[in-house]
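# Observations on the model geometry
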Amino acid sequence: MGKKKHSGNILYKIFIYVALLALAISIIIPVLWVFMASVKRNAEFIGADVNPWALPKQFFYQNFIVAFRDAQMGDFFFNSIIVTALGLILLLVIALPASYVLSRFDFKGRRILNVAFMAGLFININYIVVPIFLMLSDANKALGVEFFLDNRFILALIYASSALPFTIYLLSGYFKTLPKGFEEAAYIDGCGYFKTMVKIMVPMAKPSIITVILFNFLSFWNEYIIAYTLMDEHGTLAMGLKNLMAVERTATNYGIMYAGLVIVMLPVLILYICVQKQLTEGMTLGGLKG
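Below you will find a few notes about this structure. Note on numbering: residues in each chain are counted from 1, in written sequence order. The predicted origin of the model limits local features to residues at a pLDDT of at least 70 and limits the giving and counting of side-chain atom pairs to 80 or more, whereas totals for whole chains, interfaces and linings rest on all residues. Values shown for side chains rest on all heavy atoms present in the structure; no hydrogens or waters enter the calculation.

## Examining the nonpolar core
Buried residues of nine kinds, namely Ala, Val, Leu, Ile, Met, Phe, Trp, Tyr and Cys, make up a nonpolar core once their side-chain atoms join them within 4.5 Å. The buried label goes to any residue with under 20% of its type's maximum accessible area, the exposed label to any with over 50%, and the partly exposed label to all in between, with areas taken from a 1.4 Å probe on protein chains only. Grouped together as the largest cluster of nonpolar side chains are 62 residues, with contacts concentrated most on L91, L155, F175 and L230. With 12 residues, helix 6 (residues 152-177) is the single largest residue contributor to this core. In this description, contact between two residues means that some pair of their heavy atoms is separated by no more than 4.5 Å. Dropping the residues within four chain positions of it, L230 is found in contact with I132, F133, L136, L149, D150, L155 and I158. Only DSSP runs of H or I covering at least 4 residues are called helices, and only runs of E covering at least 2 are called strands; the numbering of each starts at the N terminus.

Here's what the structure looks like:
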């Protein structure tokens, strides 16, 4: 009986490793292929005898230069950095205190607020983008300004608002797992509620905060529908990539199209590599606490 159980565990582990390896290969190979294709000349994509998996004959970096210059990808890239950074800052400034209070304190209306944030998890922001556009347009007309549309701060604020329910849900769940002894010791030493949160609780919740930053960075950076609806001159990188694809597909400049994809993907990969260690450690600690 023991031998059968042991052999069953071995087969289960082999199955898990094979499945994870297959998943990793299915993700890594397309990413590597896009990077490889981004430095190819256009002639290496066209022709009956062309092998799409062949290595580039030489590194044709001009694809990136053309993408930045002709398609103005640099401007779109700058706009995305501003919007994403502002969105993350606004999100953390609002979500961290809210999550801490909702998870560590008992007060009137706490249950209603928790239910409201939980209900927000089921609202897809893309479904209400038209009402948001009409609301901002009416605000411009009422005040006689051109402030609420094509504004990077307003777009970042909408991004942060849309991510608030999930972020509060995730951070509150993590704050609930932290021992109360640290707070009590801080109160004895004379720390107020705010200082205790900033100095004690937020550093302890670092793995969860990193997870929130990574998840929402991906969401804000790749978002297209809201940006396309609300923005014009200050379009984000997703809009720039769409324009680049439309122009270069007509001209069959495949290398430039793949260069645009690399420009979009590279910051995400760099961020993931930078936070991978902290994210893995956080998931391990969370598993041990569970």
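From this point, the discussion proceeds with the structure in view.
## Comments concerning the packing of helix 8 (residues 193-204) against helix 9 (residues 206-222)
Only the stretch in contact is used when fitting a helix axis, every axis being a line fitted to C-alpha atoms; angles between N-to-C directions are given from 0 to 180 degrees. Across the interface, helix 8 lies against helix 9 with an axial gap of 5 Å and an inter-helix angle of 70°. Looking at the two axes, helix 8 sits roughly perpendicular to helix 9. Between helix 8, through V202, P203 and M204, and helix 9, the contact on the second element is made entirely by K206, P207 and I209. Residues are sorted three ways: Asp, Glu, Lys and Arg are charged, Ala, Val, Leu, Ile, Met, Phe, Trp, Tyr, Cys and Pro are nonpolar, and all the rest, Gly among them, are polar. Its residues assigned to classes, the contact of helix 8 with helix 9 comprises five nonpolar, no polar and one charged. Relative orientations are named as follows: roughly parallel for angles under 35 degrees, roughly antiparallel for angles over 145 degrees, roughly perpendicular for angles from 65 to 115 degrees, and oblique for any other angle.

## A closer look at the packing of aromatic side chains
Pairing of aromatic rings covers Phe, Tyr and the six-membered ring of Trp, with a centre-to-centre limit of 6.5 Å; geometry is then stacked below 30 degrees between planes, edge-to-face above 60, and tilted otherwise. On inspection of all chains with the given rule, the structure shows 14 aromatic pairs. Judged by centre distance (5.5 Å) and plane angle (80°), the ring pair of Y187 and Y193 falls under edge-to-face. Its relative accessible area of 55% is what places Y193 among the exposed residues. Ring-pair connections join several aromatic residues into one group, and the members of that group are Y100, F105, F175, Y187 and Y193. In this arrangement the basic side chain of K40 is found over the ring face of F45, its NZ or CZ atom lying 5.8 Å from the centre. Remark: a charge is flagged as sitting over a ring if the NZ atom of Lys or the CZ atom of Arg is within 6 Å of the ring centre and within 35 degrees of the ring normal.

## Some details on the side chain of T236
The topology assignment puts T236 in the loop between helix 10 (225-230) and helix 11 (237-250). Look at T236 and you get buried, because its relative accessible area is 4%. The contact partners of T236, leaving out residues within four places of it in the chain, are F76, S80, L155, E223 and A227.

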